[in-house]
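So the chains spell out like this:
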Amino acid sequence: MDPVHEDFFAGGAGEERTLRANEAAYERLRIVPRVLRATGDRDLRLTLFGTELATPVLVAPTAFHKLAHPDGEAATARGAAGAGTVMVVSMAATQPIEEIAAAGGPLWFQLYPQSDLAFTAAVIKRAEAAGCRALVVTVDSPVFGRRERDLRNGFLDLPDGLACENLRDAEGKVRSIEMDATLGWDRIAWLRGTTGLPILLKGVLHPADARLAVEHGVDGLIVSNHGGRQLDGAVATVDALPRVVDAVGGRIPVLVDGGIRRGVDVLVALALGADAVLVGRPVVWGLAAGGAPGVLKKLRDLTGELDHAMALAGAKRLADLTPDLVVA
Ligand code: FNR
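From a predicted model like this one, the values you see are computed outputs, not experimental measurements. (Residues numbered from 1 in each chain as written. Predicted model: local features only at pLDDT ≥ 70, side-chain atom pairs only at ≥ 80, totals over all residues.)

A. Summary view of the overall build of the protein. The helix and strand inventory of the protein stands at eleven helices and twelve strands. Summarising its shape, the C-alpha atoms of the protein cover approximately 65 × 45 × 40 Å along the three principal directions. Counting over 328 residues, the protein shows a buried share of 46%. (Helix = DSSP H or I, 4+ residues; strand = E, 2+ residues; numbered from the N terminus. Buried ≥ 20, exposed ≤ 12 C-beta atoms within 10 Å, placed from the backbone.)

See the structure below:
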């Protein structure tokens, strides 16, 4: 990979404190296993918004997959479909959603709401028509994160020939993604009236926002700090998770992403109350190393490690993963 693009994928905002904190938090948390409890095979299946998944490890939305591999997002989608999981397609995908959907697996679409409401509605309609089953609205990006590696490298835009294919307007021109600092709860209400798809908010860390989300009829939350790429200094996601789970009180699903690198990390996140997790960079590295089979291998490895860890921790199904299994 071009080292400039590798920096784009690997890097975070500012001093990368939050980027490091996401992973370090999992290294700090320890599992207290149960014994003599789980007999026979484990069952890792779950249902989210009507979609049956073979694993609680989903693919987080990440931009510009054609910079990682020429097969782009369609290859990621094939890998996710093979693993029996959902791919969340980034609004900054470098292939049209229709081509990504041709891989056949379940897709959700990630949206940065644009201030042009008609254009935003058109993007959503296109994702719906392509078969996307949920809308993931990213709310941690009122302004763009200050990614110092990209600033140093002068990485500002996609190379010639690549574009954000899902941002074409009626004239076929590609618009640039706008981070809209005027985004507020009123816009979530507008989105609710614009689409019948389940709406998840991605980038919630504060329990007060989790309560507001439930009050506004949001269908799910993703506890996320954008992989440390937005607010440097933001809390590690697994540290924010328990209070969000508590505030939601089981009313809607809570997912988490950031720093999950091994099956034991998935186990800890689920034990602390997440219904499922998403992985960003590990999928990008799998894609870069091996295209669709590389993505599939990464997702299978994480799921296999989770299965193994559950066996050793005395958990037969995801519901057996409870907070008492984790200590700081
Ligand atoms: C992201 N992320 C992201 N999120 C989003 O809502 N829309 C996007 O377009 C992107 N793009 C993006 C690009 C790259 C290169 C990275 C690394 C991340 C954030 C992503 O969905 C997720 O929150 C983090 O990647 C999770 O952290 P890990 O798994 O990468 O540690």
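B. Quick peek at the nonpolar core. In terms of nonpolar packing, the biggest core is built from 98 residues, with Leu221, Val244, Leu267, Ala269 and Val277 touching the most fellow members. Leaving out residues up to four positions away in the same chain, Ala269 has contacts with Val238, Leu241, Val256, Ile260, Ala274 and Val277. (Core = buried A, V, L, I, M, F, W, Y, C linked by C-beta atoms within 7 Å. Contact = placed C-beta atoms within 7 Å.)

C. Looking closely at the UniProt feature "binding site: glyoxylate" (unreviewed entry) in the protein. As annotated by UniProt and renumbered to match this structure, "binding site: glyoxylate" (unreviewed entry) occupies Tyr112, Arg147, His226 and Arg229. The residue Arg147 is located in the loop between strand S7 (135–138) and helix H6 (148–153) in this model. Setting aside residues up to four positions removed in sequence, Arg147 forms contacts with Gly11, Gly12, Ala13 and Arg229. Locating Arg229 in the fold gives a position in the loop between strand S9 (220–223) and helix H9 (237–248). Note on Arg229: 24 C-beta atoms within 10 Å, which makes it buried. Residues contacting Arg229, with those up to four places away along its chain left out, are Gly12, Ala13, Gly145 and Arg147. (UniProt positions renumbered as here; feature names shortened; annotations may be inferred.)

D. Looking closely at the site of the ligand. Neighbouring the ligand are 23 residues; Ala60, Ser90, Gly227, Gly280 and Arg281 lie closest to it. Each residue belonging to the shell around the ligand can be placed in one class, and the counts come to eight nonpolar, eleven polar and four charged. (Near = placed C-beta within 6 Å. Nonpolar A, V, L, I, M, F, W, Y, C, P; charged D, E, K, R; others polar.)

E. Looking closely at the environment of Val139. The topology assignment puts Val139 in the loop between S7 and H6. C-beta crowding within 10 Å serves as the criterion here: with 23 such atoms nearby, Val139 is assigned to the buried category. In this structure, the C-alpha to C-alpha distance between Val139 and Ala181, residues 42 residues apart in sequence, is 10 Å.

F. Broad picture of the pairing of strand S10 (residues 254–257). The two faces of S10 match: Val254 and Val256 on one face and Leu255 and Asp257 on the other face are all buried. Both S9 and S10 contribute to a ladder of three bridges, which runs parallel. The residue bridging Leu221 from the neighbouring strand is Val254, located in S10. Traced from S9 through H9 to S10, the parallel crossover comes out right-handed. Here S10 runs beside strand S11 (residues 276–279); their pairing, made up of three bridges, is parallel. Residue Leu255 lies in a different strand from S11, and its bridge partner there is Ala276. Once you follow S10 into helix H10 (residues 263–271) and on to S11, the crossover reads as right-handed. (Pairing = 2+ DSSP bridges. Right-handed = clockwise from strand over helix to strand, strands pointing away.)

G. Focus on the confidence of the model for the protein. Averaged over the protein, the pLDDT score is 97; the fraction of residues at 70 or greater is 100%. Both confidence scores are given for the complex: pTM 0.98, ipTM 0.99. (pLDDT = per-residue confidence, 0-100.)

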